[in-house]
Amino acid sequence: MIKIIGALFIILSTTWAGFEISRHLTERPKQLRWFKSALQSLEAEIMYGHTPLHEAARKLSTQFPKPLSIFFSSFASKLLTVETTVKNAWEASLQEIWKMTSLKQNEYEILAQFGENLGKHDRFTEQKNINLTITHLEREEADAYDRQQRYEKMVKSMGFLSGLLIVILLM
Amino acid sequence: MGIDVDIIFKIAGVGIVVAFLHTILDQVGKKEYAQWVTLFGFIYILFMVASIVSDLFGKIKSVFLFQ
């Protein structure tokens, strides 16, 4: 009896791990797409709205779902309340939400690089910077999408099957 | 006799699961991992069978050599 319960636990946990990994694989292209459209909105705010950065960030925080909304609202509040530079505020907010995202180190570098040049130049240079970052993110998104297509199903069945294998080996 | 049947089922189970893993890994283009999985499954079963065969040889020895 105990044996069967233990076997069930093993299978459940490995299956759950598989599903968790596959969730990460699904989340990554989605979040990259959100970041991309957030940057596009930011570009529109800067180019056509002439909005100050904290105002634009506050607006963006209402437009996007969970990790990004936290990111932009913390960025906006940091800009308003703490004595800091845009670069530091951007990086600190990025680190705050980083554990919640499914993104990789590459994307962190790209976004941090973007924050480094944010708020330092005139509008047209900002636009160029945003476009460059969007291009980078697009490349990453294509990669993420490819990985999702390839590994999503595999990871799910791998979790279950490896649990089954462990159970059979231990029986 | 009970142990024997148990072990046959175990081998069959390992075989089925390893075959599934092989197919899945093959489909996503991870041929080398698929081959490793199969190889490890094979080695595991080989050890299991080897222990049984050594049992058999021990029995034969005890029957014919009177030890």
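Every value quoted in this text rests on a predicted model; they were computed, and no experiment measured them.

1. As for the interface of chain A and chain B
Between chain A and chain B, the residue contacts involve ten residues of the former and eight residues of the latter. For the side of chain A that touches chain B, the residue count by class is eight nonpolar, one polar and one charged.

2. What to know about the environment of Val86(A)
Residues and elements named next belong to chain A. You can see Val-86 is positioned in helix H4 (residues 86-98). Of the residues examined, Val-86 has 19 C-beta atoms within 10 Å and is grouped as partly exposed. Taking the C-alpha atoms as reference points, Val-86 and Ala-76, ten residues apart in sequence, are found 9.8 Å from one another. Once residues within four sequence positions are removed from consideration, Val-86 is found in contact with Leu-53, Leu-79, Leu-118 and Gly-119.

3. Overview of the UniProt feature "transmembrane region" (unreviewed entry) in chain B
All names here are of chain B. Sites flagged by UniProt as "transmembrane region" (unreviewed entry) map to residues 7-25 and 37-57. Secondary structure over residues 7-25 splits into 100% helix and 0% strand, and the C-alpha atoms at its two ends are 27 Å apart. Measuring from the first to the last C-alpha atom of residues 37-57 gives 30 Å, for a span that is 100% helix and 0% strand.

4. Here we look at the packing of helix H3 (residues 66-81) of chain A against H4(A)
Residues and elements named next belong to chain A. Running from N to C, H3 and H4 point in directions that differ by 145°, and their axes come no closer than 9 Å. As for how H3 packs across H4, the hand of that crossing is right-handed. Here Pro-67, Ile-70, Phe-71, Ser-74, Phe-75, Lys-78 and Leu-79 of H3 lie close against H4, whose contacting residues are Val-86, Ala-89, Trp-90, Ala-92, Ser-93, Leu-94, Glu-96 and Ile-97. Tallied by class, the residues present in the contact of H3 with H4 amount to eleven nonpolar, two polar and two charged.

5. Structural notes on the packing of helix H5 (residues 105-117) of chain A against helix H6 (residues 123-170) of chain A
All names here are of chain A. The contact between H5 and H6 brings their axes to 10 Å, and the two run at 175°. If you check the angle between H5 and H6, you find them roughly antiparallel. For the pair H5 and H6, the contacting residues are Asn-106, Glu-107, Ile-110, Phe-114 and Asn-117 in the first and Asn-129, Thr-133, His-136, Leu-137 and Glu-140 in the second. For the contact of H5 with H6, the residue count by class is three nonpolar, five polar and two charged.

6. Things to note about H4(A)
Residues and elements named next belong to chain A. An ideal rise of 1.5 Å per residue puts 18 Å on 13 residues; H4 measures up with 18 Å between its terminal C-alpha atoms. Along H4, the residues classified as buried are Ala-89, Trp-90, Ser-93 and Leu-94. Buried residues of H4, viewed axially, fall in a sector of 130°; they line one side. If you follow the buried residues of H4, they end up packed against H3 and H5.

Rules and cut-offs
Residues numbered from 1 in each chain as written. Chains lettered and ligands numbered in written order. Predicted model: local features only at pLDDT ≥ 70, side-chain atom pairs only at ≥ 80, totals over all residues. Contact = placed C-beta atoms within 7 Å. Nonpolar A, V, L, I, M, F, W, Y, C, P; charged D, E, K, R; others polar. Helix = DSSP H or I, 4+ residues; strand = E, 2+ residues; numbered from the N terminus. Buried ≥ 20, exposed ≤ 12 C-beta atoms within 10 Å, placed from the backbone. UniProt positions renumbered as here; feature names shortened; annotations may be inferred. Axes fitted to C-alpha atoms, helices over the stretch in contact; angles between N-to-C directions. Left-handed = near helix turned anticlockwise from the far one by under 90°. Parallel < 35°, antiparallel > 145°, perpendicular 65-115°, else oblique. Expected span 1.5 Å × (residues − 1). Arc of directions from axis to C-beta.

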